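# Breakdown of the fold
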Amino acid sequence: MTTAPTGKQQQNQWLYNADGEELRVWIDGEILPASQAQLSIFDHGALYGDGVFEGIRAYGGRIFQCASHIERLFHSAECIRLEIPYSRGEIEQLMRDTLKANNLEDAYIRLVVTRGPGGLGLNPFLCEHACTYCITGALRLYPDDFYRKGMPIIVAKRLRIPIECLDPRIKSLNYLNNILAKIEAIDAGVLEAVMLNTDGFVAECTGDNIFVVRDGAIATPPGEAGILEGVTRAFVMSMCKELNIPCQERMLKLDDLRGADEVFLTGTAAEIIAVSQIDGDPVGKGEEGPITCTLREQFHAIIKACAPEG
Ligand code: PXG
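### Overview of the overall build of the protein chain
Helix and strand counts for the protein chain come out as nine helices and 15 strands. In terms of overall dimensions, the protein chain is globule-like: its C-alpha atoms have a radius of gyration of 19 Å, near the 19 Å expected for 310 residues. Overall size of the protein chain, expressed as C-alpha extent along the three principal axes, is 55 × 45 × 40 Å. When burial is assessed residue by residue, the protein chain has 46% of its 310 residues classed as buried. Carbon and sulfur atoms form 51% of the exposed surface of the protein chain, whose accessible area is close to 15400 Å².

Structure, rendered in structure tokens:
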């Protein structure tokens, strides 16, 4: 039985390192102790969820798929007509500077760009300037057990927001759609929920993409299903190509999940993790299957082999 950390303990994980020293964050060009960094209460990121973000990992001092994350950040910003006040190169540098300020090599990086301080009123163009900040800290993964045994999930009643309303390809600060599905998962005693789109097709989980394996072939929903096109998802698809495992993007029904030999999730935090049960029913043999295991081991081998950058 794993005891879930309290909110305070979770917050402390981002405020202090393992030695009890306060972590530093980068905010609008300054590096400050986390407790001293401030965001205005008038920031439209806080008032309206108006902003974009990225969740990124560093392994052995190397920022994993750095260019893809930066590209997605700029794409998300462009979609909401938010101008990021830094170049792609400056964004990469500020992440490196934050890691360095905290002496971190294996870390989670949260990069946020908000619309910035403005008045009460939706107009984003009245905001003074975008606010950019970067938090780095220790990793927060699913319990170790889950990687060996697989993780139970549920099917959320909450549907993924349609592309026409708010394209899930935009990684915005508006995560309530996912949070409401996550609450369903927690209420059901599990950590993740798969969400369907309004046409009844499988979209994704609240913070992870989903893959099914049947008869040795892999499939995952396409962008048009209403998903965040995950960086880990793209990496896994390229790994499949290398390993000669057929992998296609196609629309999936719930029955494709229920009748699968294996189901696994991918995400920056989760990496690759098997699904053992859906709504209490076992997937395949109810444990991590051979293809998920191969991909997970290959993923770790690649990450380990990444030589630290100079
Ligand atoms: N779908 C959604 C809705 C996500 O938020 C993914 C898929 C996987 O994408 P990546 O690019 O990470 O492979 C995500 C990513 C967190 C956290 O703090 C969530 C994500 C990533 C990192 C941290 O819960 N979600």
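### A short note on the site of the ligand
If you check the shell around the ligand, you find 20 residues, and the closest are Tyr175, Glu204, Val231, Thr232 and Thr268. At a separation of 3.3 Å, an oxygen atom of the ligand approaches a polar side-chain atom of Lys171. With respect to the ligand, the backbone of Gly207 contributes an N or O atom lying 3.3 Å from a nitrogen atom. Burial of the ligand by the protein chains amounts to 89% of its free accessible area of 540 Å². Broken down by class, the residue content of the shell around the ligand amounts to four nonpolar, nine polar and seven charged. For the shell around the ligand, the domains that each give at least three residues are domain 1 (7–137) and domain 2 (144–306).

### Details of the pairing of strand S6 (residues 131–137)
Of all seven residues in S6, five are buried; the element is thus mostly enclosed. Pairing between strand S5 (residues 107–114) and S6: seven bridges, direction antiparallel. Within the sheet, the bridge partner assigned to Tyr108 lies in S6 and is Gly137.

### Quick notes on the domain arrangement of the protein chain
Splitting the protein chain by domain gives domain 1 (7–137) and domain 2 (144–306). Taking only C-alpha atoms, the centre of domain 1 and the centre of domain 2 are 26 Å apart. With 24 residues of domain 1 in contact, the opposing surface of domain 2 contributes 18 residues. With its nearest N and O atoms 2.9 Å apart, the salt bridge here joins Arg57 to Glu271. Viewed at the interface, domain 2 and domain 1 are joined by ten residue pairs in polar contact (both at pLDDT 80 or more). Contributing elements (two or more residues each) for the side of domain 1 that touches domain 2: helix H2 (44–48), strand S3 (51–59), helix H3 (66–79) and S5. Here the element with the most residues in the side of domain 1 that touches domain 2 is S3; it accounts for eight residues. When grouped by side-chain class, the residues that make up the side of domain 1 that touches domain 2 number ten nonpolar, nine polar and five charged.

### Structural notes on the sheet that holds strand S2 (residues 30–33)
The sheet built from six strands is open, its strands ordered S2-S1-S6-S5-S3-S4 with antiparallel pairing. The sheet is open, and its two edges are formed by S2 and strand S4 (62–63), each paired on a single side.

### Here's the deal with the nonpolar core
Ranked by internal contacts, the top residues of the largest apolar core, which has 25 residues, are Ile91, Met95, Ile109 and Leu111. Mapped onto this core, the elements with two or more residues apiece are S3, H3, helix H4 (88–101) and S5. Counting residues in each nonpolar core, the second largest holds 23 residues, with Cys205, Leu252, Leu254 and Ile278 among its members.

Quick notes on the rules
Residues numbered from 1 in each chain as written. Predicted model: local features only at pLDDT ≥ 70, side-chain atom pairs only at ≥ 80, totals over all residues. Heavy atoms only, no water. Helix = DSSP H or I, 4+ residues; strand = E, 2+ residues; numbered from the N terminus. Rg over C-alpha atoms; globule rule 2.2 N^0.38 Å. Buried < 20%, exposed > 50% of the residue type's maximum accessible area, 1.4 Å probe, protein only. Areas by Shrake-Rupley, 256 points an atom, 1.4 Å probe, with all protein chains shown as cover. Near = heavy atom within 4 Å. Polar contact = N/O pair within 3.5 Å; in protein donor to acceptor, adjacent residues only side chain to side chain. Nonpolar A, V, L, I, M, F, W, Y, C, P; charged D, E, K, R; others polar. Domains from an automatic or database assignment. Pairing = 2+ DSSP bridges. Contact = heavy atoms within 4.5 Å. Salt bridge = Lys/Arg side-chain N within 4 Å of Asp/Glu carboxyl O. Core = buried A, V, L, I, M, F, W, Y, C linked by side-chain atoms within 4.5 Å.

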